[in-house]
Amino acid sequence: MGDNAGDAAEEDSPLPAGWEKRMSKKRNKPYYWCEATRESVWEVPTESREGGKRSRDTDGRSHHRKRQRQDDGGGEQVEALHLLKKHTGSRRPHNYRKEPVTRSEAEAREEIEALREALIELEGDERRAGVERLGLEQNEGRSAPRGGRLG
(Lines give C-alpha, C1' and ligand atoms only; values in the text may rest on other atoms or scores of the structure.)
Protein backbone atom coordinates (compact mmCIF):
# COMPACT_ATOMS: atom_id res chain seq x y z
CA MET A 1 0.00 0.00 0.00
CA GLY A 2 1.38 3.43 -0.94
CA ASP A 3 1.58 6.49 1.27
CA ASN A 4 -1.69 8.40 1.67
CA ALA A 5 -0.32 11.73 0.41
CA GLY A 6 0.85 10.10 -2.84
CA ASP A 7 -2.47 8.26 -3.21
CA ALA A 8 -4.45 11.48 -2.77
CA ALA A 9 -2.31 13.31 -5.35
CA GLU A 10 -2.74 10.41 -7.79
CA GLU A 11 -6.54 10.42 -7.34
CA ASP A 12 -6.71 14.17 -8.06
CA SER A 13 -4.66 13.99 -11.28
CA PRO A 14 -6.58 14.35 -14.58
CA LEU A 15 -7.96 11.07 -15.93
CA PRO A 16 -7.14 9.73 -19.40
CA ALA A 17 -9.70 10.26 -22.17
CA GLY A 18 -12.87 8.23 -21.73
CA TRP A 19 -12.49 7.61 -17.97
CA GLU A 20 -14.65 8.95 -15.17
CA LYS A 21 -14.37 8.67 -11.41
CA ARG A 22 -17.33 7.09 -9.59
CA MET A 23 -18.07 6.18 -5.99
CA SER A 24 -18.74 2.59 -4.94
CA LYS A 25 -21.81 2.49 -2.71
CA LYS A 26 -20.90 -0.94 -1.38
CA ARG A 27 -17.23 -0.23 -0.56
CA ASN A 28 -17.58 3.52 -0.03
CA LYS A 29 -14.46 4.26 -2.07
CA PRO A 30 -13.82 5.64 -5.56
CA TYR A 31 -13.42 3.51 -8.67
CA TYR A 32 -12.83 4.42 -12.30
CA TRP A 33 -15.13 3.63 -15.24
CA CYS A 34 -14.48 3.66 -19.00
CA GLU A 35 -17.74 3.61 -20.97
CA ALA A 36 -16.02 2.75 -24.28
CA THR A 37 -14.68 -0.58 -22.96
CA ARG A 38 -17.26 -1.09 -20.15
CA GLU A 39 -14.27 -1.54 -17.83
CA SER A 40 -14.02 -0.62 -14.15
CA VAL A 41 -10.86 -0.51 -12.06
CA TRP A 42 -10.05 0.43 -8.47
CA GLU A 43 -6.72 2.12 -9.20
CA VAL A 44 -6.37 5.39 -11.13
CA PRO A 45 -6.00 4.49 -14.84
CA THR A 46 -2.79 5.59 -16.51
CA GLU A 47 -3.80 5.62 -20.18
CA SER A 48 -6.76 5.83 -22.51
CA ARG A 49 -8.47 2.66 -23.76
CA GLU A 50 -8.73 3.91 -27.34
CA GLY A 51 -7.39 1.43 -29.87
CA GLY A 52 -8.04 -1.56 -27.60
CA LYS A 53 -4.90 -1.10 -25.48
CA ARG A 54 -4.84 -2.50 -21.98
CA SER A 55 -3.12 -0.50 -19.30
CA ARG A 56 -1.34 -2.14 -16.41
CA ASP A 57 -1.11 -1.29 -12.74
CA THR A 58 2.28 -0.38 -11.34
CA ASP A 59 2.78 -4.02 -10.32
CA GLY A 60 2.26 -5.19 -13.93
CA ARG A 61 -1.19 -6.76 -13.55
CA SER A 62 -3.62 -5.99 -16.34
CA HIS A 63 -6.97 -4.52 -15.43
CA HIS A 64 -10.12 -6.62 -15.35
CA ARG A 65 -12.55 -6.02 -18.21
CA LYS A 66 -16.26 -6.24 -17.65
CA ARG A 67 -16.90 -7.31 -21.25
CA GLN A 68 -14.68 -9.25 -23.60
CA ARG A 69 -13.26 -7.02 -26.34
CA GLN A 70 -12.28 -8.21 -29.79
CA ASP A 71 -8.64 -9.30 -29.95
CA ASP A 72 -6.47 -6.88 -31.93
CA GLY A 73 -4.20 -9.76 -33.03
CA GLY A 74 -1.51 -8.85 -30.55
CA GLY A 75 -2.48 -10.97 -27.59
CA GLU A 76 -4.03 -14.11 -26.22
CA GLN A 77 -7.71 -14.20 -25.29
CA VAL A 78 -8.90 -15.75 -22.07
CA GLU A 79 -12.46 -16.87 -21.36
CA ALA A 80 -13.74 -17.11 -17.79
CA LEU A 81 -16.47 -19.47 -16.63
CA HIS A 82 -17.86 -19.76 -13.13
CA LEU A 83 -20.40 -21.56 -10.98
CA LEU A 84 -22.43 -19.60 -8.45
CA LYS A 85 -24.47 -21.01 -5.58
CA LYS A 86 -26.47 -18.45 -3.62
CA HIS A 87 -27.61 -18.70 0.00
CA THR A 88 -30.13 -16.96 2.23
CA GLY A 89 -27.52 -14.37 3.24
CA SER A 90 -26.73 -13.42 -0.38
CA ARG A 91 -27.27 -9.83 -1.46
CA ARG A 92 -30.03 -11.11 -3.78
CA PRO A 93 -31.21 -14.45 -2.34
CA HIS A 94 -32.89 -15.68 -5.53
CA ASN A 95 -31.61 -17.36 -8.66
CA TYR A 96 -31.60 -15.81 -12.13
CA ARG A 97 -35.17 -17.12 -12.67
CA LYS A 98 -36.22 -15.05 -9.59
CA GLU A 99 -36.88 -18.24 -7.56
CA PRO A 100 -36.04 -17.84 -3.84
CA VAL A 101 -32.92 -19.54 -2.47
CA THR A 102 -33.38 -21.35 0.86
CA ARG A 103 -29.95 -22.92 1.56
CA SER A 104 -27.58 -21.67 4.25
CA GLU A 105 -24.12 -20.32 3.45
CA ALA A 106 -22.58 -23.54 4.80
CA GLU A 107 -24.80 -25.63 2.51
CA ALA A 108 -23.88 -23.47 -0.49
CA ARG A 109 -20.17 -23.89 0.29
CA GLU A 110 -20.59 -27.68 0.60
CA GLU A 111 -22.36 -27.83 -2.78
CA ILE A 112 -19.67 -25.73 -4.50
CA GLU A 113 -16.92 -27.85 -2.94
CA ALA A 114 -18.59 -31.02 -4.25
CA LEU A 115 -18.79 -29.50 -7.75
CA ARG A 116 -15.14 -28.43 -7.54
CA GLU A 117 -14.06 -31.92 -6.50
CA ALA A 118 -15.91 -33.43 -9.47
CA LEU A 119 -14.33 -30.95 -11.89
CA ILE A 120 -10.79 -31.49 -10.57
CA GLU A 121 -10.97 -35.06 -11.84
CA LEU A 122 -11.46 -33.81 -15.41
CA GLU A 123 -8.77 -32.44 -17.75
CA GLY A 124 -8.68 -29.86 -20.58
CA ASP A 125 -11.74 -29.82 -22.83
CA GLU A 126 -13.55 -32.31 -20.56
CA ARG A 127 -13.20 -29.89 -17.63
CA ARG A 128 -14.44 -26.97 -19.72
CA ALA A 129 -17.44 -29.04 -20.92
CA GLY A 130 -18.10 -30.05 -17.31
CA VAL A 131 -18.14 -26.43 -16.13
CA GLU A 132 -20.45 -25.46 -19.00
CA ARG A 133 -22.80 -28.38 -18.27
CA LEU A 134 -22.89 -27.60 -14.55
CA GLY A 135 -23.25 -23.91 -15.37
CA LEU A 136 -26.40 -24.65 -17.35
CA GLU A 137 -27.77 -27.11 -14.80
CA GLN A 138 -26.81 -25.65 -11.43
CA ASN A 139 -25.51 -22.09 -11.71
CA GLU A 140 -27.79 -19.58 -9.99
CA GLY A 141 -26.27 -16.39 -11.40
CA ARG A 142 -27.15 -14.50 -14.58
CA SER A 143 -24.45 -16.42 -16.47
CA ALA A 144 -26.39 -19.70 -16.08
CA PRO A 145 -28.07 -19.58 -19.53
CA ARG A 146 -24.58 -19.15 -21.04
CA GLY A 147 -23.13 -22.16 -19.21
CA GLY A 148 -21.32 -19.97 -16.67
CA ARG A 149 -19.52 -17.86 -19.31
CA LEU A 150 -18.85 -14.38 -17.96
CA GLY A 151 -17.83 -12.55 -21.15
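Residues numbered from 1 in each chain as written. Predicted model: local features only at pLDDT ≥ 70, side-chain atom pairs only at ≥ 80, totals over all residues. Heavy atoms only, no water.

**Student:** Would you explain the pattern of salt bridges in this entry?
**Tutor:** Inspection of every chain in the model, using the stated rule, returns 10 salt bridges. Between E99 and R97 there is a salt bridge, and its shortest N-O distance comes to 3.6 Å. Residue E140 pairs with R103 through a salt bridge whose shortest N-O separation is 2.9 Å. With E140 in the segment after helix 3 (124–138) and R103 in the loop between strand 3 (39–41) and helix 2 (105–120), this residue pair connects regions lying 37 residues apart in the sequence. Accessibility assignment for this pair places E140 and R103 in one class, buried. Ionic contacts of the salt-bridge type, sharing partners, join the residues K85, R103, E111 and E140 into one network. (Salt bridge = Lys/Arg side-chain N within 4 Å of Asp/Glu carboxyl O. Helix = DSSP H or I, 4+ residues; strand = E, 2+ residues; numbered from the N terminus. Buried < 20%, exposed > 50% of the residue type's maximum accessible area, 1.4 Å probe, protein only.)

**Student:** Even after reading the chapter, I still don't get the side chain of K86, so can you show me in this structure?
**Tutor:** When you line up the elements, K86 lands in the loop between strand 3 and helix 2. Buried charged residue K86 carries no salt bridge. Nearest counter-charge: E140, at 7.1 Å. In terms of polar contacts, K86 uses its side chain to reach the backbone carbonyl oxygen of R92, at 3.2 Å. Once you skip the residues sitting within four places of it in the chain, K86 turns out to touch R92, H94, V101, R103, A108 and E140. (Lys, Arg positive; Asp, Glu negative; His and termini not counted. Polar contact = N/O pair within 3.5 Å; in protein donor to acceptor, adjacent residues only side chain to side chain. Contact = heavy atoms within 4.5 Å.)

**Student:** What am I meant to see in the packing of aromatic side chains here?
**Tutor:** How two aromatic rings sit relative to each other is set out by the distance from centre to centre and by the angle between their planes. Scanning the model with the defined rule gives 1 aromatic pair in all. With a centroid separation of 6.0 Å and 70° between ring planes, the pair formed by Y31 and W42 is classed as edge-to-face. Linking Y31 in strand 2 (residues 29–34) with W42 in the loop between strand 3 and helix 2, this pair joins segments that are 11 residues apart in sequence. A residue is classified by how much of its surface remains accessible, and W42, at 37% relative accessible area, is partly exposed. Between the NZ or CZ atom of K29 and the centre of the ring of W42, over which it lies, the distance is 4.7 Å. (Phe/Tyr/Trp six-rings, centres within 6.5 Å; stacked < 30°, edge-to-face > 60°. Lys NZ or Arg CZ within 6 Å of the ring centre and 35° of its normal.)

**Student:** Before we go on, may I ask you to explain unusual backbone geometry in this structure?
**Tutor:** For residues besides glycine, phi is generally negative; the peptide bonds are generally trans as well. In the Ramachandran plot, N28 falls in the positive-phi region, its phi being about 55° despite a non-glycine side chain. Here N28 is to be found in the loop between strand 1 (19–24) and strand 2. Using a relative accessible area of 61% as the deciding quantity, one classes N28 as exposed. The phi dihedral of K98 is positive, around 70°, even though this residue is not glycine. Relative to the helices and strands, K98 is located in the loop between strand 3 and helix 2.

Shape is all these values report; function is a separate question.
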